[in-house]
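Topology and contacts: notes
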Amino acid sequence: MSAVSHNPADTRVVLGIESSCDETAVALVRADRTIIAQRIASQEAEHAPYGGVVPEIAARAHAERLAPMIAGVLADAGLGLGDVDAIAATAGPGLIGGVMVGLVSAKALAMAADKPLLAVNHLEGHALSPRLADGTLGFPYLLLLVSGGHCQILRVEGAGRYRRLATTIDDALGEAFDKTAKILGLGYPGGPAVEQLARGGDPKAAALPRPLKGSAEPHFSFAGLKSAVLRTVEGGAHTPADIAASFQQAAIDCLADRLEKAIADHGSAPALVVAGGVAANQAVRSALQGLATTHAMRFVAPPMALCTDNAAMIAWAGLERIMAEGTAFTGDPLDCAARPRWPLDPDAAAVRGAGVKA
Ligand code: KG4
Ligand code: ZN
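Residues numbered from 1 in each chain as written. Chains lettered and ligands numbered in written order. Predicted model: local features only at pLDDT ≥ 70, side-chain atom pairs only at ≥ 80, totals over all residues. Heavy atoms only, no water.

When you go through the protein chain residue by residue, the secondary structure sums to 11 helices and 10 strands. By the compact-globule yardstick of 21 Å for 358 residues, the protein chain fits well, its C-alpha radius of gyration being 20 Å. Residue pairs in contact within the protein chain that sit at least 24 positions apart in sequence constitute 73% of those at least 6 positions apart. With the model as given, the accessible surface of the protein chain reaches about 13,800 Å², and the carbon-plus-sulfur share is 55%. (Helix = DSSP H or I, 4+ residues; strand = E, 2+ residues; numbered from the N terminus. Rg over C-alpha atoms; globule rule 2.2 N^0.38 Å. Contact = heavy atoms within 4.5 Å. Areas by Shrake-Rupley, 256 points an atom, 1.4 Å probe, with all protein chains shown as cover.)

Let's shift gears to the sheet that holds strand S10 (residues 298-300). Strands sit in the order S8-S7-S6-S9-S10 across an open sheet of 5 strands; the sheet is mixed. Taken across any chain shown, the strands that pair with only one partner, and hence form the sheet edges, are strand S8 (161-166) and S10. In this sheet, neighbouring strand axes are inclined to one another by 25 degrees on average, regardless of whether the strands run parallel or antiparallel. In the sheet, strand S7 (residues 151-158) pairs with S8 via 5 bridges, with the strands oriented antiparallel. (Pairing = 2+ DSSP bridges. Axes fitted to C-alpha atoms, helices over the stretch in contact; angles between N-to-C directions.)

This model, assessed by the stated rule, comprises 16 salt bridges. Among the salt bridges present, the one from Asp-76 reaches Arg-39, with a minimum N-O distance of 2.9 Å. Highlighted residues: Asp-76 in helix H2 (residues 55-77) and Arg-39 in strand S3 (residues 35-42), separated in sequence by 37 residues. With relative accessibility at 46%, the residue Asp-76 sits in the partly exposed group. (Salt bridge = Lys/Arg side-chain N within 4 Å of Asp/Glu carboxyl O. Buried < 20%, exposed > 50% of the residue type's maximum accessible area, 1.4 Å probe, protein only.)

Okay, helix H3 (residues 96-113) next. Residues lying three or four places apart along an α-helix face the same way, a consequence of the helix completing one turn every 3.6 residues. The terminal C-alpha atoms of H3 lie 25 Å apart, and with 18 residues this matches the ideal 26 Å at 1.5 Å per residue to within 8%. Looking at the buried side of H3, the elements it contacts are strand S1 (13-18), H2, strand S4 (86-92) and strand S5 (117-121). Once H3 ends, the next one or two residues include Asp-114, with phi positive near 60 degrees. (Expected span 1.5 Å × (residues − 1).)

Here we take up the nonpolar core. Within the largest apolar cluster, 46 residues are counted, with the highest numbers of intra-cluster contacts made by Leu-142, Leu-144, Ile-153, Leu-173, Phe-222, Leu-255 and Leu-272. With 12 residues, the top contributor of residues to this core is helix H8 (residues 240-266). Each residue touching Leu-144, except ones within four places of it in the same chain, is listed here: Gln-152, Ile-153, Phe-220, Leu-255, Leu-259, Val-273, Val-274, Ala-275 and Leu-288. In this structure, Ala-27, Ala-127, Val-273 and Ile-314 belong to the second largest nonpolar core, which totals 36 residues. (Core = buried A, V, L, I, M, F, W, Y, C linked by side-chain atoms within 4.5 Å.)

Taken together, His-122 (NE2), His-126 (NE2) and Asp-309 (OD) make up the protein donors of the zinc ion (ligand 2), found 2.0 to 2.1 Å from the metal. Viewed at the metal, the 4 donor atoms of the zinc ion (ligand 2) are separated by angles of 94 to 139 degrees, and the geometry they form is irregular. In primary-sequence terms, the residues that donate to the zinc ion (ligand 2) follow H-x3-H-x182-D. With His-126 in helix H4 (residues 122-133) and Asp-309 in the loop between helix H10 (304-307) and helix H11 (312-325), this residue pair connects regions lying 183 residues apart in the sequence. (Donors = N, O, S within 2.8 Å, 3.2 Å for Na, K, Ca; no water. Tetrahedral: all angles 85-135°; square planar, octahedral: opposite > 155°, others 65-115°.)

A few words now on the site of ligand 1. In the vicinity of ligand 1, 19 residues are found, and the nearest of them are Gly-148, Asp-178, Gly-191, Glu-195 and Asp-309. Between an oxygen atom of ligand 1 and a main-chain N or O atom of Gly-174, the distance comes to 3.1 Å. A distance of 2.6 Å separates an oxygen atom of ligand 1 from a polar atom in the side chain of Asp-178. Calculation on ligand 1 without its partners gives an accessible area of 550 Å², and the protein chains cover 88% of this total. In terms of residue class, the shell around ligand 1 is built from 5 nonpolar, 11 polar and 3 charged. (Near = heavy atom within 4 Å. Polar contact = N/O pair within 3.5 Å; in protein donor to acceptor, adjacent residues only side chain to side chain. Nonpolar A, V, L, I, M, F, W, Y, C, P; charged D, E, K, R; others polar.)

A separate point is the environment of Leu-197. Locating Leu-197 in the fold gives a position in helix H6 (residues 191-198). Relative accessible area serves as the criterion here: at 25%, Leu-197 is assigned to the partly exposed category. Note: C-alpha distance between Leu-197 and Asp-242 (45 residues apart in sequence) is 8.5 Å. Beyond its immediate sequence surroundings of up to four residues, Leu-197 is in contact with Leu-184, Leu-186, Pro-240, Ala-241 and Ala-244.

Taken together, the side chains of Ile-96, Met-100 and Val-104 make up a nonpolar region of the molecular surface, amounting to roughly 250 Å² of accessible area. Position of Met-100 relative to the elements: it lies in helix H3. Judged by its relative accessible area of 43%, Met-100 is partly exposed. (Patch = residues over 30% accessible without salt bridge, like charges linked within 9 Å, V, L, I, M, F, W, Y side chains within 5 Å.)

In this section: the packing of aromatic side chains. Scanning the entire structure with this criterion turns up 3 aromatic pairs. Ring plane angle 15 degrees and centroid distance 5.9 Å describe the contact between Phe-139 and Tyr-141, whose orientation is recorded as stacked. Between Phe-220 and Phe-222, the ring centres sit 6.0 Å apart and the planes meet at 20 degrees, which makes this aromatic pair stacked. What makes Phe-220 buried here is its relative accessible area of 1%. (Phe/Tyr/Trp six-rings, centres within 6.5 Å; stacked < 30°, edge-to-face > 60°.)

Turning our eyes to something else, we now look at the pairing of S1. Each regular strand shows side chains that alternate between the opposite faces of the sheet. The buried fraction of S1 amounts to 6 of the 6 residues, a majority that puts the element mostly inside the structure. Between S1 and strand S2 (residues 23-30), which pair antiparallel and follow one another directly, the connecting turn spans 4 residues. In the sheet, S1 pairs with S4 via 4 bridges, with the strands oriented parallel. Looking at the pairing, Ile-17 lines up with Ala-89 of S4.

Following this line, the structure appears as structure tokens:
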């Protein structure tokens, strides 16, 4: 492999592959933050009949689509594999079948083209995505990472350097949005549908709980909120729009309360940053903007297309690592493993609760 002798100063274009959930995505990103080409294939249609992602169906769809998409993105850019400096793929956390499809494809490309492999943590892709969109965002920053699988507050010190300040003890926030959508009969995927319905509702209509609000422990909990939504729907006293708006407001209140606590306990940072699928929510974004203003922090949210799963953020996380490691960069070994769980902060203390999302 040329990986060991690779000169990082020349590594300027990375091919990124994302396949950890229900989006198959491929992108070519240059170190100057240009997304040269990208393709995203959603599997919404395949999973919609089941009301959620079916892992086996997801893995098969990734396997069918990925190779032609890689060829397509290279063709869109007018580049060959030889023009690419490294191959980055999500290596976890996520649905393991899909992760393996993407990672094994990246290994094959890296081997065939004699390029370094980058096994990227999907969460790191989300965590660094705001820096792909905004070259003025420096380290450190306080990050709220809210996706379908995770809800965490992190202090981002640099590429590969994360301190987890809080996480969820049960459901992730995106999961709570998806379950609320299911209860309200809005179908899958639920987040955007709940947001849309909430626009016409009264956020004060239904009295819903704010789990762990004011708690001395720093974490999130959304399972009780979801159950309260179910009871409220069954109660029949409120319109779906009022319930959606009340749910969204309760979730936002929890986010704000936990962020306030993180700032009180660990201090402020120059910027408050939000990333992950739920960061696409306008009500969440404007609440966070207000919180940042109160604390004299800059607020940064990536453009919508970079919030939900995509491959540009995976390629960018690879580029950040190449730049951070400098001449020490060699890439990852071809026998590196796909990881269903992969915490960004391996030193973070374990939290109470079953089914905890690292
Ligand atoms: O980051 P992402 O695309 O995939 C994961 O890594 O999990 O996040 C997907 C999650 C889903 O739960 C989806 O319902 C939620 O993000 N989501 C939203 C919105 N758009 C996507 N939640 C609330 N409002 C939205 N507009
Ligand atoms: Zn994601």
